[in-house]
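Examination of the molecular architecture
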Amino acid sequence: MPRVARRRVLLACMVAGAAISGAPSLTGAQGTGAAEQRLRQQQDELDKLRKERADLESKMDALQRSARTLADEVNNLEEQRKATARLVVALDRQLETINTEVIKAGAGLGNAERELLTKRSALQRRMVKIYKRGSLYDVEAMLSAQSFAGLVARYKYLHDLALHDRSLVRRVEGLRDQIISQRLLLVRLQDEVARNRTEKDREARRLAELESRRQRSLTTVQRSAAQTRERLTQLSRDEAKVASVIASLETLRRRAEMSPNARPAAPSSLRTSDLGKLDWPVDGSILYRFGRVVNPNNTTTRWNGIGIGAAVGTAVKSIAAGEVVLADNVGTYGPTVIVQHGGGDYSVYGSLARIDVRKGQQIPKAQMIGTVGATDPDLPPHLHFEIRPKGRSVDPLEWLRGQR
């Protein structure tokens, strides 16, 4: 083959070889991304559980700031306990996943380092050979071909050798990047393991604390329920005692009125025209109202009067003139005064700190009969006040002047 034609074929082959692109390098990015995606999904689950528990804690704060029941607090603590238990289980699953990824990353790092060592050795051998042959070896090999077929065969061999060398270089670079990525992943995973264990220990302590608080609250609820039942029983007995005292007084009054020599009965100082016009026995706010009331622990109390909150020692005055028929301590009522206003009408003043009148004493309207006390441990200082026309308990607010 003429020398000029040979050179033209060589140039055409070199241009064609330069246009051929190599295969992309392999790195550990895909495996690293999959591990991080799994961890991210589990982190999303943990964040969701934390938000659920934070909502429950906010609800508990709201319960504690409002008039709440112990049962609501116990239920809330149980929900918090369940949420925290689920959080601990999720942390266990995350730790298991992280440990699995650490094992995979460690194995991948070891394999990559061993392969890199092998590929580097092969690349070094090729570089030594290329150096020894010189920079014009490929050109000389091409130009020394005796025929066109020999030229093509030599070009194909040299081209394949160049592709192999290029692939080897890319593989070494890819392994180097993969090792860096795997090492960074291992560092992150080890940090995640430490953080996970710290958080799990914190959540385990929180779970133990919630279980302890729940048990204490349950005990409190049970004790409170027993105390409330006992108190309600005592309250019923004391109300029956007050009703019995008034019934006995009514029986005696009627007998006296029916006796042959009885003088005409004095009219009651409480008249129907007084409805909504009587002065309050003490200034204050209403703690509880007449009738059935649901307590914070879900028990029900029937009040035969109203509770008027006032400071201890505040003067308590009679709403109308009458005779003191009882001035004594009456169980849960505490120090109590009952005033008979005539015609079977009575007013009752309970939970006093001090009694300033005596049984049988005639008192005028607005007479100071005692002071406000704090005899009920479940309520702030107040006056328990009842009005009983014809001995029957009615809502005192219907008789008092405007609601305060």
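Shown above is the structure to which this text applies.
One structure accompanies this document, and this report is about it.

Rules of the game
Residues numbered from 1 in each chain as written. Predicted model: local features only at pLDDT ≥ 70, side-chain atom pairs only at ≥ 80, totals over all residues. Heavy atoms only, no water. Helix = DSSP H or I, 4+ residues; strand = E, 2+ residues; numbered from the N terminus. Areas by Shrake-Rupley, 256 points an atom, 1.4 Å probe, with all protein chains shown as cover. Salt bridge = Lys/Arg side-chain N within 4 Å of Asp/Glu carboxyl O. Buried < 20%, exposed > 50% of the residue type's maximum accessible area, 1.4 Å probe, protein only. Phe/Tyr/Trp six-rings, centres within 6.5 Å; stacked < 30°, edge-to-face > 60°. Core = buried A, V, L, I, M, F, W, Y, C linked by side-chain atoms within 4.5 Å. Contact = heavy atoms within 4.5 Å.

Turning next to the overall build of the protein chain. In terms of helices and strands, the protein chain carries 5 helices and 12 strands. On the protein chain, roughly 23,200 Å² of surface is accessible, and the fraction owed to carbon and sulfur atoms is 54%.

Scanning the model with the defined rule gives 8 salt bridges in all. The residue E115 makes a salt bridge to R171 at a minimum N-O spacing of 2.9 Å. Highlighted residues: E115 in helix α3 (residues 70-133) and R171 in helix α5 (residues 148-258), separated in sequence by 56 residues. The partner of D356 in a salt bridge is R354, with the nearest N and O atoms 2.7 Å apart. According to the relative accessible area criterion, D356 is partly exposed, its value standing at 32%. By relative accessible area, R354 is classed as partly exposed at 41%.

On to the packing of aromatic side chains, then. Using the criterion set out here, one finds 2 aromatic pairs in the structure. Both rings, one in Y288 and one in W303, keep their centres 3.8 Å apart while their planes meet at 20°; by these two values the pair is stacked. Here the residue Y288 occupies a position in strand β1 (residues 285-288), and W303 occupies one in strand β3 (residues 300-303), the gap between them amounting to 15 residues.

Bringing the nonpolar core into the picture now. Nonpolar side chains tend toward joint burial in soluble globular proteins. Among the nonpolar cores identified, the biggest contains 27 residues, and I319, V337, Y349, L383, F385 and I387 are the most heavily contacted of them. Among the elements of the structure, β4 (306-309), β7 (335-342), β11 (368-372) and β12 (382-388) are those that each provide at least two residues to this core. In contact with I319, not counting residues within four places along its chain, are L270, L278, D279, P281, H341, S347, Y349, K365, F385 and I387. In this structure, I98, L123, I179 and V193 belong to the second largest nonpolar core, which totals 15 residues.

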